[in-house]
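# Geometric and topological summary
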Amino acid sequence: MSILVVGSVAFDTIETPHGSAPEVLGGSAAYFAVAASYFAPVKLVAVIGEDFPQEERDFLGSRDIDLTGLTVAKGKTFRWTGRYHEDMNIRDTLDLQLNVFADFAPVLPESYRDAPFVFLANVDPGLQGGVLDQLTCPPRMVACDTISHWITGARAELIALLKRVDLFVINDEEARLLSGERNVVRAARSLLDMGPRSVLIKRGEYGVLSFSPNAIFAVPAYPLEEVFDPTGAGDSFAGGFLGYLAQVNDLSEASVRKAIVYGSVVASFVVEDFSLRRLRSLTRDDIERRYRQFVSLTEF
Ligand code: AMP
């Protein structure tokens, strides 16, 4: 089963306590698409500028990613600069240049409109809703992400969107901001009341909590000695998660739990190097090996 993703493809400049990486491939849709492509075919919708190098396009194309919906617009590609603190759960955005992303109005190619799995990465909630309007078949699963910028700036649109999605993926600070609840369990309950059938709360190095009306499931992050660059961990988690569900085409509680572990495994590889570098050499066998380690880590 294929997965449609709509979001950003960017050049990131990243500083972490381990070093820095200027102008490297990033963007929520890029991380998601490459992560998901280990499991299922991906259809990407994003915009890039005329400065986007052919070799990065070739890299995305070398994965099972359909680039029909990757538009080249006149101007420069979106750029984001972030600096991580010693505690890498905390980061500051130092610079954001929207460039061609400022006029991003996603139009789905005809061949994308019946995608059974849909991921609305972090963009304006109005645009996320517009993507759903273009689908011709009801998808099996729609998931969405957001950031604090939209929680404070487009709250009503975001809450309207949440009524139309099955799964809301959000980090703990954003969950608190949107719900007004300090406690993460109460925050998740309040987000469920806004409409999604389940809520996945990303907690950085503390892992993921999944909430549905009848179940809570907790998974730790894979314990790594060194985290190099947490950028894109959330989007790669979502890619591994939805990728696995699209591969097995089964939304049972057992498959959703496995998908959470696959998402956590892919994210654990991504943070081992800057940008998407680790995904350039990662194989499905590597993922399976760490999946088994993850299972024995949490078995008792
Ligand atoms: P994450 O670490 O999962 O939050 O994702 C980081 C990625 O999101 C980076 O590669 C950025 O290029 C991208 N990004 C940062 N800010 C924005 C924004 N306002 N809109 C879309 N993408 C963004």
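Cut-off values and rules
Residues numbered from 1 in each chain as written. Predicted model: local features only at pLDDT ≥ 70, side-chain atom pairs only at ≥ 80, totals over all residues. Heavy atoms only, no water. Helix = DSSP H or I, 4+ residues; strand = E, 2+ residues; numbered from the N terminus. Rg over C-alpha atoms; globule rule 2.2 N^0.38 Å. Buried < 20%, exposed > 50% of the residue type's maximum accessible area, 1.4 Å probe, protein only. Contact = heavy atoms within 4.5 Å. Axes fitted to C-alpha atoms, helices over the stretch in contact; angles between N-to-C directions. Parallel < 35°, antiparallel > 145°, perpendicular 65-115°, else oblique. Left-handed = near helix turned anticlockwise from the far one by under 90°. Core = buried A, V, L, I, M, F, W, Y, C linked by side-chain atoms within 4.5 Å. Pairing = 2+ DSSP bridges. Salt bridge = Lys/Arg side-chain N within 4 Å of Asp/Glu carboxyl O. Expected span 1.5 Å × (residues − 1). Near = heavy atom within 4 Å. Polar contact = N/O pair within 3.5 Å; in protein donor to acceptor, adjacent residues only side chain to side chain. Areas by Shrake-Rupley, 256 points an atom, 1.4 Å probe, with all protein chains shown as cover. Nonpolar A, V, L, I, M, F, W, Y, C, P; charged D, E, K, R; others polar.

Here we come to the overall build of the protein. Secondary structure assignment for the protein yields 11 helices and 13 strands. Taking 300 residues into account, the globule formula puts the C-alpha radius of gyration at 19 Å, and the protein, at 18 Å, falls close to it. Along the first, second and third principal axes, the C-alpha set of the protein runs to 55 × 40 × 35 Å. Relative to its 300 residues, the protein shows a buried fraction of 56%. Within the protein, residue pairs in contact and separated by at least 24 positions form 64% of the contacts whose partners lie at least 6 positions apart.

Two numbers describe how helix α8 (residues 233-248) lies on helix α9 (residues 253-270): the axes approach to 7 Å, and their chain directions differ by 140°. Between α8 and α9, the angle is such that the two are oblique. In this structure, the crossing between α8 and α9 has a hand that is right-handed. Contacts between α8 and α9 involve A233, S236, F237, G240, F241, Y244, L245 and V248 from the former and S255, V256, K258, A259, I260, Y262, G263, S264, V266, A267 and V270 from the latter.

Let us look at the nonpolar core. One finds V9, L44, F119, F241, L242, I260 and I287 to be the most contacted residues of the largest nonpolar core, which totals 61 residues. For this core, the leading source of residues is α9, giving 10 residues. In this view, L44 contacts V5, V9, A29, A33, L60, I65, D66, L67, G69, L70 and Y112; residues no more than four positions away in its chain are not counted. By size, the runner-up hydrophobic cluster in this structure holds 46 residues, among which are V47, F104, V142 and F168.

As summarised here, the arrangement of the 9 strands in space is β5-β4-β1-β8-β9-β10-β11-β12-β13, forming an open sheet in which the pairing is mixed. Bordering the open sheet on either side are β5 (65-72) and β13 (215-219), each of which pairs with just one other strand. Taken over all neighbouring pairs, the strand axes of this sheet differ in orientation by 15° on average, direction set aside. Relative to β5, strand β4 (residues 42-48) is paired through 6 bridges, and the arrangement is parallel. Within the sheet, the bridge partner assigned to V45 lies in β5 and is G69. Running over the sheet, helix α2 (residues 54-62) touches β4 and β5 and is turned about 150° from β5. Of the strands in this sheet, β10 (167-171) and β11 (198-202) touch helix α6 (residues 172-179), which is tilted by about 110° from β10.

With respect to topology, 4 strands assemble into an open sheet ordered β3-β2-β6-β7, the strand pairing being mixed. Two strands close off the open sheet at either side, each with one partner strand: β3 (19-26) and β7 (91-97). Averaged over all pairs of adjacent strands, the angle between strand axes in this sheet comes to 15°, irrespective of strand direction. Bridge count between strand β2 (residues 10-16) and β3: 6 bridges; the pairing is antiparallel. Within β3, the position partnered with E15 by the bridge is S20.

Pairs can form between side chains of opposite charge once their charged atoms are near each other. Applying the stated rule across the entire model yields 16 salt bridges. A salt bridge links E272 to R290; its shortest N-O distance comes to 2.8 Å. Linking E272 in the loop between α9 and α10 (277-281) with R290 in helix α11 (residues 284-298), this pair joins segments that are 18 residues apart in sequence. Residue E272 is classed as partly exposed on the basis of its relative accessible area, which comes to 25%. Here R290 falls in the buried class, since its relative accessible area comes to 10%.

Further remarks concern α9. The first and last C-alpha atoms of α9 sit 26 Å apart over 18 residues, in line with the 26 Å expected at 1.5 Å per residue. Burial of α9 is extensive: 14 of the 18 residues sit out of reach of the surface.

As a further point, take the site of the ligand. Around the ligand sit 18 residues, and of these S8, D12, G27, G232 and D235 come closest. In this structure, an oxygen atom belonging to the ligand sits 2.7 Å away from a main-chain N or O atom of G27. Contact distances for the ligand include 2.9 Å between an oxygen atom and a side-chain N or O atom of D235. Relative to its free-state accessible area of 510 Å², the ligand is covered by the protein chains to the extent of 88%. Secondary structure elements with two or more residues in the shell around the ligand: β2, α1 (28-36), β7 and α8. Classifying every residue of the shell around the ligand by side-chain character gives 7 nonpolar, 8 polar and 3 charged.

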